[in-house]
Amino acid sequence: MTRLSLHDVCVNIPIYNADTRSLKNTLFKRAVGGALRQARGNRHFVRALDNVSLSFHTGDRVALIGHNGAGKSTLLRVMGEIYEPVTGHVERTGSLAPIFDVALGFDMESTGRDNIMLRGMYLGHSAARMHAQFEEIAEFTELGEYLAMPLRTYSAGMLMRLAFAVSTAITPDILLMDEWFGVGDAEFIQKAEKRIDSMLAHAGIVILATHDAALARRVCSKAAWLEGGRVRAFGPIDDILFAYEAASAA
C-alpha cells in the first residue's frame, strides 16, 4: 500500500545579514508566512513549517490550500525530499514524482539526452527503466535536435518540456504538483494535460498545491489548509474550502 506520512516536521529558512527592524525583513517575514526567530550567533531564520503532521494513503487526492507564504510549496519540497526537516521526519512507501522543480536532477552543462537519464535516475528509476523509456520521452518533448545541445542553451519553456516529459514518463505511486503545469504552446499543453489526467487516474496518492478552488474541487477529495507554516485544518475538500473561503472573506 502506498503511504506518505509527516511526523512533527519543522523546516527553517535561514536569513543572512538579517536586521529584524528593517522594512525589508518585516516584509519578508510576512511574505513567507512563518515566524522570524533568532538562533545562535545572531543568525536569523523563518520557521516555514512548524510541527506539521499529516498522513496520506492509497486513493488520497489532496489539495494544499492557503495564502501565499502559508507553507504549501515548502511542504511539497519536504515530501519530495528536496528540503530536509530540522526536526521530525517523513516516511514514504512507494515511488515519487515531484512535478514542480524544473531544475531538479538536471546538469546544465550536459545535453538534453544525457539529462533524460540523469533526471530519471534522480527520481529513483533504474538505468534500465530509463533506457527502455528513452525514445518515448525524447519524442514527447518535441525538442528534436535540441536534445543534443547542453541545457544551458535551452529557454525556460524548453526546460519545462524536458522536465515534464521525464517526470511523467512513468506513473508514480505518489504525484506531487505545485499548481497546474503549463508547458509550451496550446497543442503541447493539451497533450500534457492528457498525460496528467492519466497520472491522476492511476497514481496512488496525488498532492496538489493550488490557489484555484475550482481545480481543487475537480481533482481532489481532501484538503489541508496551511496557515503560517502550520496545518490549520485537514479533511473533506468541500468542508475545508468552505471554512477557508469564509475566513478569507471575513
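Please refer to the structure higher up on the page.
Just so it is clear, the structure is predicted and the values come from calculations on it, not from any experiment.

Asks: Can you help me understand the overall build of the chain in this one?
Replies: Within the chain one finds eight helices and ten strands. Here the chain, with 250 residues, has 46% of them falling under the buried criterion. Of the contacts formed within the chain by residues at least 6 apart in sequence, a portion of 69% connects residues at least 24 apart. Accessible surface, the chain: about 12,300 Å² in total, of which carbon and sulfur atoms supply 51%.

Asks: Got a minute to help me understand the layout of surface pockets in this structure?
Replies: Any empty space left between atoms is shown by rolling a water-sized probe over those atoms. Computed from the structure, the second largest pocket encloses a volume of approximately 160 Å³. Every residue lining the second largest pocket is listed: G80, E81, R92, S95, L96, P98, L104, Y122, L123, G124 and H125. A breakdown of the residues in the lining of the second largest pocket according to their chemical character gives five nonpolar, four polar and two charged.

Asks: Just checking my understanding: could you explain the packing of aromatic side chains for this structure?
Replies: Think of a pair of aromatic rings as described by two things: how far the centres are apart, and how the planes are tilted against each other in angle. This structure, assessed with the given rule, holds four aromatic pairs. Ring geometry for F140 against F164: centres 6.1 Å apart, planes inclined by 25°, an arrangement best described as stacked. Placement of F140 in helix α4 (residues 127-141) and of F164 in helix α5 (residues 156-167) is noted, with a sequence separation of 24 residues between them. Considering the side-chain rings of W225 and Y244, the 5.5 Å spacing of their centres and the 75° angle between planes classify their relative orientation as edge-to-face. In this pair, W225 sits in strand β9 (residues 222-227) while Y244 sits in helix α8 (residues 237-249), placing the two residues 19 residues apart along the sequence. Residue W225 is classed as buried on the basis of its relative accessible area of 4%. Here the aromatic residues F140, F164 and F188 are joined through ring pairs into a cluster of three or more. Geometry around F140 places K191 over its ring, the cationic atom sitting 4.4 Å from the centre. In this structure, R195 packs its charged tip against the face of F140, placed 3.7 Å from the ring centre.

Asks: Is there a simple way to think about the sheet that holds β9 in this case?
Replies: Strand pairing within a sheet occurs via backbone hydrogen bonds; the two strands may be parallel or antiparallel. One open sheet accounts for six strands, arranged β6-β7-β8-β4-β9-β10; its pairing is mixed. Each having just a single partner strand, β6 (96-99) and β10 (230-236) make up the two edges of the open sheet. When strand polarity is set aside, the average angle formed by the axes of neighbouring strands in this sheet is 15°. Here β6 runs beside strand β7 (residues 174-178); their pairing, made up of four bridges, is parallel. Counted as the bridge partner of I99 is M177 from β7. Together, β4 (61-65), β6, β7 and β8 (205-209) form the strand contacts of helix α6 (residues 186-202), whose direction differs from that of β7 by roughly 135°. Lying on the sheet, α8 is in contact with β4, β9 and β10; it crosses β10 at an angle near 135°.

Asks: Any chance you could explain the pattern of salt bridges here in plain terms?
Replies: Any two side chains of opposite charge can pair if their charged atoms end up close together. Throughout the structure, instances matching the rule amount to 14 salt bridges. Taking the shortest distance from any N to any O, the salt bridge between R230 and D50 comes out at 2.8 Å. Within this pair, whereas R230 is found in strand β10, its partner D50 is found in strand β3 (residues 44-57), the two being separated by 180 residues in sequence. Note on R230: relative accessible area 44%, which makes it partly exposed. Two residues, R217 and D238, come together in a salt bridge whose shortest N-O distance is 3.4 Å. Taken together, the residues R217 in helix α7 (residues 213-219) and D238 in helix α8 connect sequence positions 21 residues apart. Owing to a relative accessible area of 46%, D238 belongs among the partly exposed residues under this scheme.

Asks: Sorry, what's going on with the pairing of β7 here?
Replies: Working note: regular strand, side chains alternate between the two faces of the sheet. A large share of β7 lies buried, amounting to four of its five residues. Bridge count for β7 against β8 is five bridges, and the pairing is parallel. Across the sheet, the residue bridging to I174 is I205, located in β8.

Rules used throughout
Residues numbered from 1 in each chain as written. Predicted model: local features only at pLDDT ≥ 70, side-chain atom pairs only at ≥ 80, totals over all residues. Heavy atoms only, no water. Helix = DSSP H or I, 4+ residues; strand = E, 2+ residues; numbered from the N terminus. Buried < 20%, exposed > 50% of the residue type's maximum accessible area, 1.4 Å probe, protein only. Contact = heavy atoms within 4.5 Å. Areas by Shrake-Rupley, 256 points an atom, 1.4 Å probe, with all protein chains shown as cover. 1 Å grid on protein atoms, 1.4 Å probe; cavity = no way out; pocket = protein on both sides within 12 Å on 5 of 7 lines; lining within 4 Å. Points joined across faces, edges and corners; volume = space filled by probe spheres on them. Nonpolar A, V, L, I, M, F, W, Y, C, P; charged D, E, K, R; others polar. Phe/Tyr/Trp six-rings, centres within 6.5 Å; stacked < 30°, edge-to-face > 60°. Lys NZ or Arg CZ within 6 Å of the ring centre and 35° of its normal. Pairing = 2+ DSSP bridges. Axes fitted to C-alpha atoms, helices over the stretch in contact; angles between N-to-C directions. Salt bridge = Lys/Arg side-chain N within 4 Å of Asp/Glu carboxyl O.

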